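Fold and contact review
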Amino acid sequence: MRLFSLILLLSGFLNGIAQDLPLQLRFAKSVEEDVVQRLTPALQRNGALLDSLSGVLLEADLVLAREGQIEGMRNRFVAAYDLLVNLRLSGSDQVISTASTSLQATGSSQADARRNALRQLTNGGTSVNRLWETLKADYQKTFTANCNDLLATAAQQAERGNLLTALAITDAIPMASPCYAQARDKRQAYYLDYQAASCRQHLEMAHQQLALEMPKAALDEIGKIDPSSDCGGEARQLVGKAAAQLKDQQSRKAQFLRQVYQNQVQIEQARNTIISDLVRE
């Protein structure tokens, strides 16, 4: 009886951990700036963690449904919008959640009505709260109950030669997920396989960009090469050539790559940045 009670207690404790899995994500580049500004505090208030290296992208589109001028009021406009939100795994087409809500507001101009509509995201409300609950529930289910399904999908993609997609899926799995340790091992394997198969392509692209005197683009390609790969020695030389062409000698990318190839950055940190660049969007 005591053992049964202990099992129940442990089960409840583990379930509690799973339920507390926070949203960890970043905005897609396509999201408009005013939408980002209003969504950010709303997400944070709902326990989300905004992480520039997260493998989960938040895509949001504010679509105008109707607009007009209020009858009898020359300077008063009304507008209705649909906010469409997706959570997608970066570097893949896999959408893990889709939700939407309607927003309506008035203003002294169409732009003012849009601003007032977006304020509802921060202020909350029943429909907005339902949107957050949908995103959180889907995120929770994806990275807890369905976590092994993600790993299986990644394995299938790797078998088809889609190593970047496999890498993106495993990179998106958060640390609090029950299959995180397995995902880290698979992520490492897919990353090394990708480097062995593709680092030479990035070198060739970097050479082409330097020939065109486009050092920033060259550095972007070099930044996708693992320093310990077979291409690492040549990549080190190209960092110096690209840096010499740069007008902005304080380029953050150039400084980071110099530190990587001077062994001033731990290999794990360097690889995290490289993977983020590879599966960015």
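One structure accompanies this document, and this report is about it. Predicted model, so just to flag it, every value in this text is computed and none were measured.

Turning our attention to the packing of helix H8 (residues 215-222) against helix H9 (residues 232-245). The geometry of H8 relative to H9 is characterised by a closest axis approach of 9 Å and an angle of 160° between their N-to-C directions. Taken together, the axes of H8 and H9 lie roughly antiparallel to each other. Here H8 runs over H9; the crossing is left-handed. Contacts between H8 and H9 pair Pro215, Leu219 and Ile222 from the former with Ala235, Leu238, Val239, Ala242 and Gln245 from the latter. Broken down by class, the residue content of the contact of H8 with H9 amounts to 7 nonpolar, 1 polar and no charged.

When strand E1 (residues 24-27) meets strand E3 (residues 56-69), the two strands line up parallel, connected through 2 bridges. Bridging across to E3, Arg26 finds its partner in Leu57. Sheet topology note: the E3/strand E4 (residues 77-89) ladder contains 13 bridges and is antiparallel. By the bridge assignment for E4, Leu64 is matched with Tyr81.

What counts, and at which threshold
- Every chain's residues receive numbers from 1 upward, in the order its sequence appears when written.
- Owing to the predicted nature of the model, reporting of local features is limited to residues with pLDDT of at least 70; listing and counting of side-chain atom pairs is limited to 80 or more, with chain, interface and lining totals taken over all residues.
- With hydrogens and water stripped out, all remaining heavy atoms of the structure feed into the side-chain values.
- Simply put, an axis is a line fit to the C-alpha atoms, just over the touching stretch for a helix, and the angle between two N-to-C directions goes from 0 to 180 degrees.
- Each helix corresponds to a stretch of at least 4 residues labelled H or I by DSSP, and each strand to a stretch of at least 2 residues labelled E; elements are numbered beginning at the N terminus.
- With respect to orientation, any angle under 35 degrees is reported as roughly parallel, any angle over 145 as roughly antiparallel, any angle of 65 to 115 as roughly perpendicular, and every other angle as oblique.
- Rotating anticlockwise by less than a right angle from the far helix to the near helix defines a left-handed crossing, while the corresponding clockwise rotation defines a right-handed one.
- Whether two residues are in contact is decided by their heavy atoms: any pair within 4.5 Å suffices.
- Asp, Glu, Lys and Arg are counted as charged, while Ala, Val, Leu, Ile, Met, Phe, Trp, Tyr, Cys and Pro are counted as nonpolar; the rest, among them Gly, fall into the polar class.
- For two strands to count as paired, DSSP must find a minimum of two bridges between them.

So yeah, pure geometry; function would need other evidence.
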